[in-house]
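# A structural walkthrough
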Amino acid sequence: MAKIHIRGKDLMKMGYPEGPVIGLCINLIPKHYKRHTQEQVDELLRSILANPSDYAEDAVLGRIVEALVQPEKQGPVLIDLMPKAKTYPVFGAEKIEAGAIQQMETAMRLPVTHAGALMPDAHQGYGLPIGGVLATENAVIPYGVGMDIGCRMCMTIYPVEPQALEAKRSMFKKLLLENTRFGFGTFEKPMDDAIFERPEFKEVPKLRSLKSKAWEQIGSSGSGNHFVEFGIVEIMDEHNEFNLPLGKYLGLMSHSGSRGLGATLAQYYTKLAMETCNLPKQAQHLAWLGLDTEAGQEYWVAMNLAGDYASACHHQIHHRMAKSLGEKALAIVENHHNFAWKETLADGKEYIVHRKGATPAGKGVLGVIPGSMTAPAFIVRGKGFEDSLNSASHGAGRQMSRRQALEAVTKSELDKHLRTHGVELLGGGLDEAPFAYKNIHQVMAAQESLVETIGTFHPKIVRMEGE
């Protein structure tokens, strides 16, 4: 295979800024992606730039994303961490890697930290670990929210017999291909949405320049672990909030976030936070913005808009599909993760609760916790467990990085595994193989005190980025 060539001037033509990120691309990509073609590498580099949130948690590519949000200089005054981390509960500790624990320990030493918790799907990321929950006083941490602001799950249950998935498999595959777009893909004629009438697009300077891009990408999904899939829903709780009889139904489930809008906001405000909140190196991605500052208020408004935009994208996906199916929904369940909420905790005071890859699980709150493309998702009802800060996992959680999965998994192994579970994959890659994820049943067992199961969703036709 021909040698990979990456030049600084070519990277800058793509849009990469001058600085350390150029050197990282030149040094890391040829070393770790030497089995790829030049065309594949160029496409990867463009994808990182366009959708950095999809690669932020990757062991190798995450370093490039990190450099994209690094400030050119730090403020002169160093903010000391607390000498000792506050105590916090860890759910499913035996399956959580040391790096995630270490990151959470650092977060619990921030002077603005009130409380925290680590979910059973936790794994190492940047700043707050994925699966980390952190309550702070009057401070919001952009990287505690994450790169893909408002990433969320959405599930629709239809009044269709699940046997239709096999009987009309070609039709359902066609529906997925026609009504979804991933990564760089967008609809030729995007659907309009009320989100674009929001005054925030005029009131927040950074949002003004992002409105046209957001309009282009509305209704589409990111790359990485984002998906839209048909499967079989089984309702198992006769007292379910949907008033549905026990049994099986056709379901559609989607996972995606705020696309380029959220990623750009995350980069911009993380850099701003790091320039004004100078923390020790191990904690620099936990830099915060005070909610009593103009920048903090700006981010808060922008974050909430990005979350609503992510919701609008999902609603458009499910609207397109329902229209094509000619069916009305029996029920819809959705929930954010990668977000921050103002919540009153046990002491009666209001805090900013960051859930980076964690599902809200207040008492009676509904949500969806996915497994993998061959493992079930769980429709859950929160129990309002105070020690977890009313939170649960947002999925199974990775046990292999993307690079590790690419090196360890073969296409034939993946294809065999998919056939065994009766799942058909449209697009996708080896980095998202089910083997890269923890056992969802073990994860759910570790959080029985946090949520109760209403039903399950078993994927059958999965659509992800790629041909």
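Look up a bit, the structure's there.
Remember, predicted model here, so these are calculated numbers, not experimental data.

## A short note on the nonpolar core
In terms of nonpolar packing, the biggest core is built from 52 residues, with Leu110, Leu265 and Leu279 touching the most fellow members. Listed by contribution, the elements that provide at least two residues to this core are helix H5 (98-107), strand S1 (113-123), strand S3 (139-140), helix H12 (259-276), helix H13 (294-325) and strand S9 (339-344). Examining the composition of this core, we find that nine residues originate from one element, H13, more than from any other. When near neighbours in sequence (up to four residues on either side) are disregarded, Leu265 contacts Ile149, Lys206, Leu207, Leu210, Ala302 and Ala306. Residues Ile22, Tyr55, Tyr126 and Met147 belong to the second largest nonpolar core, which totals 27 residues.

## Concerning the pairing of strand S10 (residues 350-356)
Burial within S10 is extensive, with six of its seven residues counted as buried. Note: strand S2 (residues 130-136) against S10, five bridges, orientation antiparallel. For Leu134, the partnering residue across the bridge sits in S10 and is His354. In the sheet, S9 pairs with S10 via six bridges, with the strands oriented antiparallel. Note that in S10 the partner of Lys342 across the bridge is Ile352. Connecting S9 to the antiparallel partner S10 that follows it, the hairpin turn spans five residues, and Gly348 within it adopts a positive phi of roughly 85°.

## Focus on helix H2 (residues 20-32)
The end-to-end C-alpha distance of H2 is 18 Å, a good match for the 18 Å that 13 residues give at a rise of 1.5 Å each. Within H2 the residues assigned to the buried category are Val21, Ile22, Cys25, Leu28 and Ile29. Seen end-on, H2 carries its buried residues on one side only, within an arc spanning 155°. Along H2, the residues that are exposed and aim more than 90 degrees away from the buried face are Pro20, Asn27 and Lys31. Buried residues along H2 sit against helix H1 (8-14), helix H3 (38-50) and helix H4 (61-68).

## Looking at the pattern of salt bridges
According to the stated counting rule, one finds 18 salt bridges in the structure shown. The salt bridge involving Arg169 is made with Glu424; its shortest N-O contact spans 3.0 Å. Placement of Arg169 in helix H8 (residues 169-179) and of Glu424 in strand S15 (residues 424-426) is noted, with a sequence separation of 255 residues between them. The shortest N-O distance in the salt bridge between Lys174 and Glu178 comes to 3.8 Å. Note that Lys174 and Glu178 are positioned in helix H8 at a spacing of four residues, about one turn of the helix. Judged by its relative accessible area of 41%, Glu178 falls in the partly exposed class. Each member of the salt-bridge network shares a partner with another, and the members are Glu166, Arg169, Lys173 and Glu424.

## Thoughts on the packing of H12 against H13
Taken N-terminus to C-terminus, the directions of H12 and H13 make an angle of 165°; their axes are 10 Å apart at the nearest point. On the basis of their axis angle, the class for H12 and H13 is roughly antiparallel. Our pair here, H12 against H13, has a crossing hand that is left-handed. Across from Arg259, Leu261, Gly262, Leu265, Tyr269 and Leu272 in H12, the residues of H13 making contact are Ala295, Glu298, Tyr299, Ala302, Ala306 and Tyr309.

## Notes on a positive patch on the surface
Taken together, Lys31, Lys34, Arg35 and Arg63 make up a surface patch of like positive charges. If you trace the backbone, Arg63 turns up in helix H4.

## Let's talk about H3
Each α-helix turn comprises 3.6 residues. Residues three or four places apart therefore point the same way. Look at H3: 18 Å from first C-alpha to last across 13 residues, which is about the 18 Å you get at 1.5 Å a residue. Within the sequence span of H3, burial applies to Val41, Leu44, Leu45, Ser47 and Ile48. Mapping the buried residues of H3 onto a view down its axis gives an arc of 160°, with all of them on the same face. Those residues of H3 that are buried are in contact with H1, H2 and H4.

## A word on the pairing of strand S5 (residues 227-235)
Across the nine residues that make up S5, a large majority, eight, are buried. Both S5 and strand S6 (residues 247-256) contribute to a ladder of nine bridges, which runs antiparallel. Paired with Glu234 across the two strands is Lys248, which belongs to S6. Here S5 runs beside strand S16 (residues 451-463); their pairing, made up of eight bridges, is antiparallel. Paired with Phe230 across the two strands is Ile461, which belongs to S16.

## Brief notes about the sheet that holds S2
Spatial ordering of the open sheet is given by S1-S2-S10-S9, a layout of four strands whose pairing is antiparallel. In this open sheet, the two edge strands, each paired with only one partner strand, are S1 and S9. Pairwise comparison of adjacent strand axes, ignoring direction, gives a mean angle of 15° for this sheet. Most of the contacts of H5 go to S1, to which it runs at about 170°, and overall it touches S1 and S2. On top of the sheet, H13 reaches S9 and S10; it is set at about 110° to S9, its chief contact.

## Re the environment of Arg419
Within the secondary structure layout, Arg419 lies in helix H15 (residues 411-420). For the pair Arg419 and Gly15, spaced 404 residues apart in sequence, the C-alpha separation works out to 41 Å.

## Concerning the packing of H3 against H4
One can describe the packing of H3 onto H4 by two numbers: an axis separation of 10 Å at closest approach and a directional angle of 45°. Taken together, H3 and H4 sit at an angle that is classed as oblique. As for how H3 packs across H4, the hand of that crossing is right-handed. Packed against H3, whose contacting residues are Leu44, Ile48 and Leu49, the element H4 presents Leu61, Ile64, Val65 and Leu68 at the interface. A per-class count over the contact of H3 with H4 returns seven nonpolar, no polar and no charged.

Rules and cut-offs
Position numbers for residues count from 1 along each chain, tracking the sequence in the order it is written. Reporting in this predicted model follows two pLDDT cut-offs: at least 70 for local features of residues, and 80 or more for side-chain atom pairs to be given and counted; totals over whole chains, interfaces and linings ignore these cut-offs and use all residues. Excluding hydrogens and water, the side-chain values take into account all heavy atoms of the structure. Buried Ala, Val, Leu, Ile, Met, Phe, Trp, Tyr and Cys residues form a nonpolar core when they are joined through side-chain atoms within 4.5 Å. Three labels apply to residues, based on accessible area from a 1.4 Å probe with only protein chains included: buried if under 20% of the type maximum, exposed if over 50%, partly exposed otherwise in between. For helices the rule is a DSSP run of H or I covering at least 4 residues; for strands it is a run of E covering at least 2, with both sets numbered from the N terminus onward. Whether two residues touch is decided by their heavy atoms; if any such pair falls within 4.5 Å, the residues are in contact. When DSSP finds two or more bridges between a pair of strands, those strands are recorded as paired. Here a helix's expected span is defined as the number of its residues, less one, multiplied by 1.5 Å. Directions pointing from the helix axis toward each C-beta atom define the arc. Think of a salt bridge as a Lys or Arg side-chain nitrogen and an Asp or Glu carboxyl oxygen that are within 4 Å of each other. Axes, fitted as lines to C-alpha atoms, cover a helix only where it is in contact. Angles between the N-to-C directions of the axes lie from 0 to 180 degrees. Should an angle fall under 35 degrees it is taken as roughly parallel, and over 145 as roughly antiparallel, whereas 65 to 115 is taken as roughly perpendicular and any remaining angle as oblique. Here is the rule for handedness: rotate from the far helix to the near one, and if that takes an anticlockwise turn smaller than a right angle the crossing is left-handed, while a clockwise turn gives right-handed. Like charges within 9 Å and nonpolar side chains (Val, Leu, Ile, Met, Phe, Trp, Tyr) within 5 Å are joined into patches, using only residues over 30% in relative accessible area that form no salt bridge. Each accessible area is a Shrake-Rupley result for a 1.4 Å probe, and residues are judged covered by the shown protein chains and nothing else. As used throughout, the charge tally considers Lys and Arg to be positive and Asp and Glu to be negative, leaving His and the chain termini uncounted. One atom stands in for each charge, and that atom is NZ of Lys, CZ of Arg, CG of Asp or CD of Glu. In this classification, Asp, Glu, Lys and Arg are treated as charged, Ala, Val, Leu, Ile, Met, Phe, Trp, Tyr, Cys and Pro as nonpolar, and every other residue, Gly included, as polar.

So far we have only geometry, and geometry alone does not tell us how the molecule works.
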